[in-house]
Amino acid sequence: MAGIYIHIPFCRQACHYCDFHFSTNLRQVDQLVLAIGKELEMRKDYLKNQAVETVYFGGGTPSLLSERQLHFLMEKVRKLFPSDWKEVTLEANPDDLSEENLSMWKELGVDRLSLGIQSFQEEVLQFYNRAHTAIEAWRLLRKAEMPDSKSFRLI
Ligand SMILES: C[S@@+](CC[C@H](N)C(=O)[O-])C[C@H]1O[C@@H](n2cnc3c(N)ncnc32)[C@H](O)[C@@H]1O
Ligand code: SF4
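### Observations regarding the site of ligand 1
Turning to step 1, where the next piece is worked out: What surrounds ligand 1 is the set Tyr 17, Cys 18, Asp 19, Phe 20, Gly 59, Gly 60, Thr 61, Glu 91, Asn 93, Gly 116, Gln 118 and Arg 130.
Turning to step 2, where the next piece is worked out: Take Gly 60: an N or O atom from its main chain is 2.9 Å from a nitrogen atom of ligand 1.
Turning to step 3, where the next piece is worked out: Between a nitrogen atom of ligand 1 and a side-chain N or O atom of Asn 93, the distance comes to 2.9 Å.
Turning to step 4, where the next piece is worked out: When ligand 1 sits alone it has 520 Å² of accessible area, and the protein chains cover 71% of it.

Printed below as a string of structure tokens:
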């Protein structure tokens, strides 16, 4: 099977322990999204007609993408690598789990969320320099019970 991984190397703030590539300069997000679109076009023959079964948006923080940016990337993949996707995953930070974002992701075709809770202990989250609090992490779990969340698989 073939899968496409799209890395969104931007975060609102830097967690002290993170080993991944990211920048906190969010002014460049649009430019990078366009560049990923170009790279997808350049690599459209790379998979030699293998069916793409999974699409994965990782980061960094793909949950900070706007509807326009995520729609642009999904449409590019859909057009350039046409197939029936079995799974579309988005890594989401707890502070991005608004009802608006949940509905937007669902509408755009995301069906699996990787939730970056990391810890339920306030002192650990502060030590890590995470953008969310322990209370928000617990609220997030409750949100996972909301009707809108039922259409996602959560990991
Ligand atoms: C790199 S993060 C990106 C998603 C999101 N920004 C977040 O922080 O959850 C994806 C997952 O990788 C895991 N991870 C494992 N090793 C890590 C490391 N050294 N630095 C950062 N995240 C790591 C985290 O638990 C996190 O949920
Ligand atoms: S939000 Fe995620 S990707 Fe960004 S710095 Fe923190 S752990 Fe790394």
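### Quick look at the packing of helix H2 (residues 67-80) against helix H3 (residues 99-108)
Turning to step 1, where the next piece is worked out: Taken N-terminus to C-terminus, the directions of H2 and H3 make an angle of 15°; their axes are 10 Å apart at the nearest point. Taken as axis vectors, H2 and H3 run roughly parallel relative to one another. Here the hand of the crossing between H2 and H3 comes out right-handed. Residues Glu 67, Leu 70, His 71, Met 74 and Arg 78 of H2 lie in contact with H3, whose contacting residues are Met 104, Trp 105 and Leu 108.
Turning to step 2, where the next piece is worked out: Its residues assigned to classes, the contact of H2 with H3 shows five nonpolar, one polar and two charged.

### Things to note about the confidence of the model for the protein chain
If pLDDT is low for a region, its predicted coordinates should not be looked at in detail.
Turning to step 1, where the next piece is worked out: Within the protein chain, residue pLDDT values average 92, and 95% of them lie at 70 or more.
Turning to step 2, where the next piece is worked out: Across the protein chain, element-level confidence peaks in helix H1 (residues 29-42) with a mean pLDDT of 98 and bottoms out in strand E5 (residues 153-154) with 79.

### So, the sheet that holds strand E2 (residues 52-59)
Turning to step 1, where the next piece is worked out: Taken in spatial order, the five strands of this open sheet run E1-E2-E3-E4-E5, and their pairing is parallel. For this open sheet the edge positions go to strand E1 (2-8) and E5, each flanked by a neighbour on one side alone.
Turning to step 2, where the next piece is worked out: Pairing of E2 with strand E3 (residues 87-92) involves four bridges; the strand directions are parallel. Pairing of Phe 57 across the sheet is with Leu 90, part of E3.

### Considering the nonpolar core
Turning to step 1, where the next piece is worked out: Residues Ile 6, Phe 57, Leu 70 and Trp 105 are the most contacted members of the largest nonpolar core, which totals 37 residues.
Turning to step 2, where the next piece is worked out: Of all the secondary structure elements, the ones that give two or more residues to this core are E1, H1, E2, H2, E3, H3, strand E4 (112-115) and helix H5 (134-143).
Turning to step 3, where the next piece is worked out: Considering each element in turn, this core owes the most residues, five residues, to H2.
Turning to step 4, where the next piece is worked out: Among residues more than four places away in sequence, those in contact with Ile 6 are Ile 36, Leu 40, Tyr 56, Phe 57, Gly 58, Leu 73 and Val 77.

### Observations concerning the site of ligand 2
Turning to step 1, where the next piece is worked out: Taken together, Cys 11, Gln 13, Cys 15, Tyr 17, Cys 18, Phe 22, Gly 60, Thr 61, Asn 93 and Arg 130 make up all the residues around ligand 2.
Turning to step 2, where the next piece is worked out: Of the residues in the shell around ligand 2, the class split is five nonpolar, four polar and one charged.

### Describing the packing of aromatic side chains
Turning to step 1, where the next piece is worked out: The full count for this structure, using the stated rule, is four aromatic pairs.
Turning to step 2, where the next piece is worked out: An angle of 40° between the planes, with centres 6.5 Å apart, marks the rings of Phe 127 and Tyr 128 as tilted.
Turning to step 3, where the next piece is worked out: Aromatic ring contacts, followed pair by pair, group Tyr 17, Phe 127 and Tyr 128 into a single cluster.
Turning to step 4, where the next piece is worked out: Over the ring of Tyr 46 we find Arg 43, and its NZ or CZ is 5.8 Å from the ring centre.

So, how was this worked out
Residues numbered from 1 in each chain as written. Chains lettered and ligands numbered in written order. Predicted model: local features only at pLDDT ≥ 70, side-chain atom pairs only at ≥ 80, totals over all residues. Heavy atoms only, no water. Near = heavy atom within 4 Å. Polar contact = N/O pair within 3.5 Å; in protein donor to acceptor, adjacent residues only side chain to side chain. Areas by Shrake-Rupley, 256 points an atom, 1.4 Å probe, with all protein chains shown as cover. Axes fitted to C-alpha atoms, helices over the stretch in contact; angles between N-to-C directions. Helix = DSSP H or I, 4+ residues; strand = E, 2+ residues; numbered from the N terminus. Parallel < 35°, antiparallel > 145°, perpendicular 65-115°, else oblique. Left-handed = near helix turned anticlockwise from the far one by under 90°. Contact = heavy atoms within 4.5 Å. Nonpolar A, V, L, I, M, F, W, Y, C, P; charged D, E, K, R; others polar. pLDDT = per-residue confidence, 0-100. Pairing = 2+ DSSP bridges. Core = buried A, V, L, I, M, F, W, Y, C linked by side-chain atoms within 4.5 Å. Buried < 20%, exposed > 50% of the residue type's maximum accessible area, 1.4 Å probe, protein only. Phe/Tyr/Trp six-rings, centres within 6.5 Å; stacked < 30°, edge-to-face > 60°. Lys NZ or Arg CZ within 6 Å of the ring centre and 35° of its normal.

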